[in-house]
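Residues per chain, in single letters:
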Amino acid sequence: MTKLVALLKKEFLVVSKDIHGLLVLFLMPAAFILIMSLATQDVFGTAKSSPIKYAVLDQYQQTLSIALIQKLRDIKGFEAVVMPGDATVVALRESLQRGDYQFALHIPADFAARLAANDEAGKPTTASVELFIAPAQKPYVQQLFSSALQSFLSLAKLTLALNATGKNPLPANPAELEALGRVHVAESYVYGSRSENKAPTSVQQNVPAWLVFSMFFVVIPLSTAFLAEKQHGTLQRLRLMGVGTGPLLLGKLLPYYVINQAQMMVMLVVGRFAVPLLGGDQLNMVDSWLGLLIISSACSFAAIGFALLIATLVKTTMQATTVGGVTNIIFGALGGVMVPKFVMPDFMQRITDVSPMAWGLEGFLDVFLRQGDWQTVLPEAGWLLLFGALSLTAATLFYRRLQ
Amino acid sequence: MYRIANLSKRHEGSRQPALNGVDLEIPRGSLFGLLGPNGAGKSTLLAIMLGLTKQSSGEVLFDGANLHGCLSRVRRVVALVPQDLAFYPMLTARENLRFFVSLLDLPAAEQRQRIEFSVATTGLEHDLDKRAQHFSGGLQRRLNLAIGLLSKPEVLCLDEPTVGIDPHSRNFILAAIKRLNQQGMTIVYTSHYMEEVQRICDRVAIIDRGRIVVSDTVDHLLHGGVDATLTIVLSGPVAKVVLAKLPPEPGLQAIDECTLQGMTPLPLPLLQAVAGAMAGTEVTIDRISYGRRELEQIFIALTERNE
């Protein structure tokens, strides 16, 4: 018993002396709860909801389409943003590609003619409106929107049917109802310049998020290895042998860049071959391999720069593993890896814009889900390269100061 | 080779200077022992000599030139074998040696020769392809030394190179260092093992609280002057009682309950005084020794602190 008490006292004493470790242990859950609660507050409906915005392009611009848009505005949880009448379908699709919206509804100029082509029994002969869906959005959100839209259209059909029997208790504009009852929505996912009816698979949705997350996790092996070199005097020995700060830090870049790229290849192979073997969907390869190379290189540079910054700042292995791990989780939570960005409240979405993981994720979504070309990823790649360069510069300054 | 004059260094945020007016000369070709208690300033002095940090004031001359004016030459001809095992444990000895030699910008043939020289000097021939992490403590120390030799330095600074190893490995390393010195390499050797310094060094400096308290040849320090050590071991724990009965400042001190010790050129009067002080007690003298001092005794006497 005495030994146990002594051991307990010793352990409390040891733990209490590691202020940094303790701080991380307490700050991590606090920060995580704060970020995740704010990020998901709309999903769980505990606060005033920020509606998910979707674009509407009305090229018909007559009473009927205006009435349709008016009805659409009644769908709770979603907000219609009507685009200028002279906007094009291409611009509409691009707004989805950029991630501005999760859905876009196109009411064509020949809306009335298309409605007329559909029969009253609800058997569509042609799509009267098109619903474009961003492949990066989550299926449950898409289903929610589609269901709301379909139920509203079904109600119109029902009202129309009741009108026909003369037993409709609800006052309505018969002509309008008749028209809306004939609306048929064609849903398609926007993959680059083409549209497909097929929704992205779960493997297609998951690979980008976990790819960017795993890339940033080089912070743990890199910082602990760097720390070991620092603590064992190896860095001092290298310095005495004429190795400057620049070559030393750059010497870390290439190997970890190769590791990051290998991580990506492994994930692609798993998604392409291993997941189908276990009964899952197969990962579709990207349209633009150059785009993938650009965004994965930029993401890797940012991750390694950040890892080197952490490596030069921390003093113990415990600090390296906890600080590295915690910052990654926070980056992930902020960056939309754990909670999709578009379900976050507006102010959280703005914060998300400054998380390097968000840039990486958007870039990978561009190539894996939106099937964008190499130019599509350039903005995100630019931000990541800037972040990596700033981190590397700071790491250099800290390392020189350390010496 | 090194001439250090009035060297001082105060670390940022520290109230006490790490070095305070150090004057020292390390001749070319010497095997120079640098001794001092923990925190005495040895590492700071080494770091300044290697150009790793700058002094606050004072001057360091290397072959007559200001050290910071010829830093690139210093980096070429001075090597450090740090106390820590400064290599990559996951790599084999051969991989470590190849990596470190490749930093020296030498032709491939010269690189091979350097590795052969280092391996032959440290006796690592049979262990080159083992991972360093699987080495015994002695082999790890030898690899640490081998890496330091790759640059074939003119000056080799060794910071406690035999810490925590068995006597065989220690003897091997000491013999290797001695050989290197005989081949003309200047060695600066820091250690807490006094017998090592006494055994291999020809010159020694003792540093304490940032000051050089003695700098001399080992020979002169051990045999020079007239002082020798008198040790009186009593049969009972009355050393302090006996000491109290002696005249003020007797030249002896109680180093434990039974032992009196002091340095004196004239042991007989002291012995008589001790015998007189013991009169009337049942304690007798068990053993008396008088003679040449050990370096450790000198070190303790010069760096003794009232803490």
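Residues numbered from 1 in each chain as written. Chains lettered and ligands numbered in written order. Predicted model: local features only at pLDDT ≥ 70, side-chain atom pairs only at ≥ 80, totals over all residues.

## A short note on the overall build of chain B
Item 1. Secondary structure summary: chain B contains 11 helices and 14 strands in total.
Item 2. Dimensions of chain B, computed from the C-alpha atoms along their principal axes, are close to 80 × 45 × 35 Å.
Item 3. Relative to its full complement of 307 residues, chain B shows a buried share of 35%. (Helix = DSSP H or I, 4+ residues; strand = E, 2+ residues; numbered from the N terminus. Buried ≥ 20, exposed ≤ 12 C-beta atoms within 10 Å, placed from the backbone.)

## Some words on the overall build of chain A
Item 1. Helix and strand counts for chain A come out as 16 helices and six strands.
Item 2. Taken over 403 residues, chain A has a buried fraction of 39%.
Item 3. For chain A, the proportion of contacts with a sequence separation of at least 24, taken over those separated by at least 6, is 79%. (Contact = placed C-beta atoms within 7 Å.)

## Considerations on the confidence of the model for chain A
Item 1. Averaged over chain A, the pLDDT score is 79; the fraction of residues at 70 or greater is 79%.
Item 2. Confidence, expressed as mean pLDDT per element, reaches its minimum in chain A at helix 7 (residues 174–181) of chain A with 65 and its maximum at helix 12 (residues 289–313) of chain A with 93. (pLDDT = per-residue confidence, 0-100.)

## Concerning the domain arrangement of chain A
Residues and elements named next belong to chain A.
Item 1. If you check the domain split of chain A, you get domain 1 (52–196) and domain 2 (201–402).
Item 2. Each partner contributes to the interface: domain 1 provides 12 residues, whereas domain 2 provides 11 residues.
Item 3. Considered class by class, the residues forming the side of domain 1 that touches domain 2 number six nonpolar, five polar and one charged. (Domains from an automatic or database assignment. Nonpolar A, V, L, I, M, F, W, Y, C, P; charged D, E, K, R; others polar.)

## A look at the interface of chain A and chain B
Item 1. Of the residues lining the interface, nine residues belong to chain A; the matching set on chain B comes to 13 residues.
Item 2. Residue composition of the side of chain A that touches chain B, grouped by class: three nonpolar, five polar and one charged.

## Let's talk about helix 4 (residues 89–97) of chain A
Item 1. Listing the buried residues of helix 4 of chain A in full gives Leu92, Arg93, Ser95, Leu96 and Gln97 of chain A.
Item 2. The inward-facing, buried residues of helix 4 of chain A contact strand 1 (52–58), strand 3 (103–107), strand 4 (129–133) and strand 5 (185–191) of chain A.

## Notes on the sheet that holds strand 5 (residues 65–66) of chain B
All names here are of chain B.
Item 1. Strand order across the open sheet formed by four strands is 2-1-4-5, with antiparallel pairing between neighbours. Two strands lie at the open edges of the sheet, namely strand 2 (19–26) and strand 5, each paired on one side alone.
Item 2. Judged from the five bridges that link them, strand 1 (residues 2–9) and strand 4 (residues 57–62) form a sheet pairing that is antiparallel. Note that in strand 4 the partner of serine 8 across the bridge is serine 57. (Pairing = 2+ DSSP bridges.)

## Description of the confidence of the model for chain B
All names here are of chain B.
Item 1. Per-residue confidence for chain B gives a mean pLDDT of 86; residues scoring 70 or more make up 96%.
Item 2. Taking the mean pLDDT of every element in chain B, the minimum, 72, falls on helix 11 (residues 295–303) and the maximum, 94, on helix 4 (residues 108–122).
Item 3. For this predicted complex, the interface score ipTM comes out at 0.73, alongside a pTM of 0.70.

## Here we look at the sheet that holds strand 3 (residues 31–35) of chain B
All names here are of chain B.
Item 1. Read from one edge to the other, the open sheet built from six strands follows the order 6-7-8-3-9-10, with strand pairing classed as mixed. If you trace the sheet from one side to the other, it starts and ends with strand 6 (78–81) and strand 10 (211–217), each paired once. Going across the sheet, the axis of each strand differs from the next one's by a mean of 15°, ignoring polarity.
Item 2. Both strand 3 and strand 8 (residues 186–190) contribute to a ladder of four bridges, which runs parallel. Along strand 8, the bridge assignment pairs leucine 34 with threonine 190. (Axes fitted to C-alpha atoms, helices over the stretch in contact; angles between N-to-C directions.)

## A short note on the domain arrangement of chain B
All names here are of chain B.
Item 1. Entries for chain B in the domain assignment read domain 1 (2–222) and domain 2 (225–303).
Item 2. Here the C-alpha centre of domain 2 lies 38 Å away from the C-alpha centre of domain 1.
Item 3. Tallying the contact residues gives 11 residues for domain 1 and nine residues for domain 2.
Item 4. Every element with two or more residues in the side of domain 1 that touches domain 2 is listed here: helix 7 (194–200), strand 9 (203–208), strand 10 and helix 8 (218–223).
Item 5. Considering each element in turn, the side of domain 1 that touches domain 2 owes the most residues, three residues, to helix 7.
Item 6. For the side of domain 1 that touches domain 2, the per-class residue count stands at nine nonpolar, one polar and one charged.

## Structural notes on the packing of helix 5 (residues 137–149) of chain B against helix 6 (residues 167–182) of chain B
All names here are of chain B.
Item 1. Contact pair helix 5 / helix 6: the axes reach a minimum separation of 9 Å and the direction vectors enclose 15°. On the basis of their axis angle, the class for helix 5 and helix 6 is roughly parallel. Note that helix 5 runs across helix 6; the crossing there is right-handed. Across the interface between the two elements, Gly138, Arg141, Arg142 and Leu145 of helix 5 pack against Ser169, Ile173 and Ala176 of helix 6. (Parallel < 35°, antiparallel > 145°, perpendicular 65-115°, else oblique. Left-handed = near helix turned anticlockwise from the far one by under 90°.)

## Side note on the nonpolar core
Item 1. In this structure, Ala104, Val212 and Ala307 of chain A are the most contacted members of the largest nonpolar core, which totals 87 residues.
Item 2. Ranked by the residues each element gives to this core, the list is headed by helix 12 of chain A, at 15 residues.
Item 3. Split by domain, the residues of this core number at least three in each of domain 1 (52–196) and domain 2 (201–402) of chain A.
Item 4. Not counting chain neighbours up to four residues away, the residues in contact with valine 212 of chain A comprise Cys299, Val337, Met357, Gly360, Leu361 and Phe364 of chain A.
Item 5. Among the nonpolar cores identified, the runner-up in size contains 66 residues, and Leu50, Leu124, Leu158 and Cys201 of chain B belong to it. (Core = buried A, V, L, I, M, F, W, Y, C linked by C-beta atoms within 7 Å.)

## Here's the deal with unusual backbone geometry
Among all residues except glycine, the phi angle is most often negative; among peptide bonds, the trans geometry is most common.
Residues and elements named next belong to chain B.
Item 1. Even without being glycine, lysine 152 reaches a positive phi, approximately 45°.
Item 2. Checked against the element boundaries, lysine 152 lands in the loop between helix 5 and strand 7 (155–159).
Item 3. Its identity is not glycine, yet glutamate 160 carries a phi of approximately 45°, on the positive side.
Item 4. The residue glutamate 160 is located in the loop between strand 7 and helix 6 in this model.

## With respect to the environment of alanine 93 of chain B
All names here are of chain B.
Item 1. Examined against the element boundaries, alanine 93 turns out to sit in helix 3 (residues 93–102).
Item 2. Judged by C-beta crowding, with 27 C-beta atoms within 10 Å, alanine 93 ranks as buried.
Item 3. Distance in space between the C-alpha atoms of alanine 93 and threonine 190 is 25 Å, their sequence separation being 97 residues.
Item 4. Apart from residues no more than four positions distant in its own chain, alanine 93 is found in contact with Leu124, Asp127, Leu128, Lys130, Ala132 and Leu143.

## Focus: the environment of proline 161 of chain B
Residues and elements named next belong to chain B.
Item 1. By the secondary structure assignment, proline 161 is in the loop between strand 7 and helix 6.
Item 2. A tally of 25 C-beta atoms within 10 Å means that proline 161 is categorised as buried.
Item 3. Separated by 29 residues in sequence, proline 161 and threonine 190 place their C-alpha atoms 8.1 Å apart.
Item 4. Non-local contacts of proline 161, meaning those with residues more than four positions away in its chain, are made with Val81, Arg141, Leu145 and Ile173.

## Observations concerning the environment of proline 139 of chain A
Residue and element names in this part refer to chain A.
Item 1. By the element assignment, proline 139 lies in helix 6 (residues 139–165).
Item 2. When the 13 C-beta atoms within 10 Å are taken as the criterion, proline 139 is described as partly exposed.
Item 3. Placed 74 residues apart in sequence, proline 139 and phenylalanine 213 show a C-alpha to C-alpha distance of 21 Å.

## Some remarks on helix 1 (residues 42–49) of chain B
Residues and elements named next belong to chain B.
Item 1. Among the eight residues of helix 1, six are classified as buried, and the element is accordingly described as predominantly covered.
Item 2. For helix 1, the full list of buried residues reads Lys42, Ser43, Thr44, Leu45, Ile48 and Met49.
Item 3. Just downstream of helix 1 lies glycine 51, where phi reads positive at about 75°.

## Focus on the packing of helix 8 (residues 202–216) of chain A against helix 12 of chain A
Two packed helices can be described by the angle between their axes and the distance between those axes.
All names here are of chain A.
Item 1. In the contact formed by helix 8 and helix 12, the axes pass within 8 Å of each other and the chain directions differ by 35°. Counted together, Val212, Met215 and Phe216 of helix 8 and Cys299, Ser300 and Ala303 of helix 12 form the full contact between these two elements.
Item 2. Within the contact of helix 8 with helix 12, the residues separate by chemical class into five nonpolar, one polar and no charged.

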